[in-house]
Every structure is written in C-alpha cells, then in structure tokens.
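# Analysis of the macromolecular model
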Amino acid sequence: SVLAAMRRIMEGLTPPRQELLSALVYELKATLAADRQCFHELFEAAPDGYVATDLDGVIQHANAALHQMLQVTAPHLDGKSILMLFTPASQALVLQRLRLFRTGSDAGQPFTDIQAQIAVRDDTVVPVSMRLIAIGSPGAPAATIRWLLRAGARLRQLPALSPS
C-alpha cells in the first residue's frame, strides 16, 4: 500500500525530515477525510437518484433521493441487483449496458440519456432518464459503475457524469 511504502521511505530519513513527512501525511489524511465527507454530503443531498454498483450490477451505495423515488430504505437496496429497480421491459437494456462495461469496450465512455422505467414499491412505473459511467483507477480496469437516474419533469435536464 501507499502508506507502507511511505513508512519504508521515512525509515531512511533523518529525524527532521521524518517529522516534516509525518506532518505532510497527517495533512493529506485530514484533507482526504474532509473531501470524502463533502462528497458524501453532496451525494446524499442530491435531488436525483445516484447509485454505485459493481460491474455485475450489485448495488454498493444509493443516495437518499433514490430511496425516496423507490419508496424503500437503504438496507432494502444494498447488496441487491440493480435489475430489481427496473421493469422487465427495461431490464434487457440495463443488462446490455452492464455487459458492455464488463467487456471493457465502453469503459470510461458514459452512456447518456438512456430512457427506462423503474418499478416503485407500490407497483407504480416511473419513467427515468439515466446516465452511466464505469470508473476505475488510472491504468486499471473499471471496478464501479455510477448511475444517475432522473425521474419526472426533469428528464431532459441531465448533468454530465465524469470519471473523477
């Protein structure tokens, strides 16, 4: 890991330089923690449904807007297939997109303005517009798919998703 490599480097430094490097590492950890908290707050407060899945479509995280849209609680979605959100007619489209991301042929290239239908808990069908992008570490294959689902009157007003 990066921290283990830094510890090895620190062992070869003089005490004043070790202190300086330790201070920099501490500052970096604090900055990363603050950025992670900020991202989490934005994710949860977003008015659109956001969900992260693995390449098989297993839900890792979903925000409050998606839970509200589907009329479910967080434990109901975590660890389940994203296919369960969609009507049978839309599941084939979602499966096709998942296959393309798994093969790597479209990694890093977002799918935009995909029209589908989700099935809400009370058997209501809600039309959604989606954007998807596969995310991975630089030089590594994609490991996560980020999904944006927008329902209702705002269907055509989708923001761009970026891999960052």
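A short tour of the structure in this document, coming up. (Residues numbered from 1 in each chain as written. Predicted model: local features only at pLDDT ≥ 70, side-chain atom pairs only at ≥ 80, totals over all residues. Heavy atoms only, no water.)

### Observations regarding the packing of helix H1 (residues 2–11) against helix H2 (residues 15–45)
Our working definition: Axes, fitted as lines to C-alpha atoms, cover a helix only where it is in contact. Angles between the N-to-C directions of the axes lie from 0 to 180 degrees. We count a stretch as a helix when DSSP gives it H or I for four or more residues in a row; a strand needs E for two or more, and each element gets its number in order from the N terminus. Oblique is the label for any angle not under 35 degrees, not over 145, and not in the 65 to 115 range, which are roughly parallel, roughly antiparallel and roughly perpendicular in turn. Take the far helix as the reference: if the near one is turned anticlockwise from it by less than a right angle, the crossing is left-handed, and if turned clockwise, right-handed. A contact between two residues is defined here by any heavy atoms of the two lying within 4.5 Å.
Interhelical geometry of H1 versus H2 gives an angle of 160° and a closest axis separation of 10 Å. With respect to each other, H1 and H2 are oriented roughly antiparallel. For the pair H1 and H2, the sense of crossing is right-handed. Facing Leu3, Met6, Ile9, Met10 and Glu11 of H1, the residues of H2 in contact are Gln18, Leu21, Ser22, Val25 and Lys29.

### Re the pattern of salt bridges
The criterion, for reference: Just to be clear on terms, a salt bridge is a Lys or Arg side-chain nitrogen sitting within 4 Å of an Asp or Glu carboxyl oxygen. Only protein chains enter the accessibility calculation, which uses a 1.4 Å probe; a residue whose area is less than 20% of its type maximum is buried, one above 50% is exposed, and one in between is partly exposed.
Summed over all chains, the structure comprises one salt bridge. Asp48 is the salt-bridge partner of Arg150, the closest N and O atoms lying 2.3 Å from each other. Placement of Arg150 in strand E5 (residues 144–151) and of Asp48 in the loop between H2 and strand E1 (49–53) is noted, with a sequence separation of 102 residues between them. Its relative accessible area of 7% is what places Arg150 among the buried residues.

### Some details on the sheet that holds strand E4 (residues 125–135)
Quick reminder of the rule: Two strands qualify as a pair provided that DSSP identifies no fewer than 2 bridges between them.
One open sheet holds the five strands; their spatial order is E2-E1-E5-E4-E3, and the pairing between them is antiparallel. Either end of the sheet is taken by a strand with one partner, and the two such strands are strand E2 (59–62) and strand E3 (111–119). Along the sheet, successive strands turn relative to each other by an average axial angle of 30°, direction set aside.

As far as function goes, none of this settles anything; it's purely spatial.
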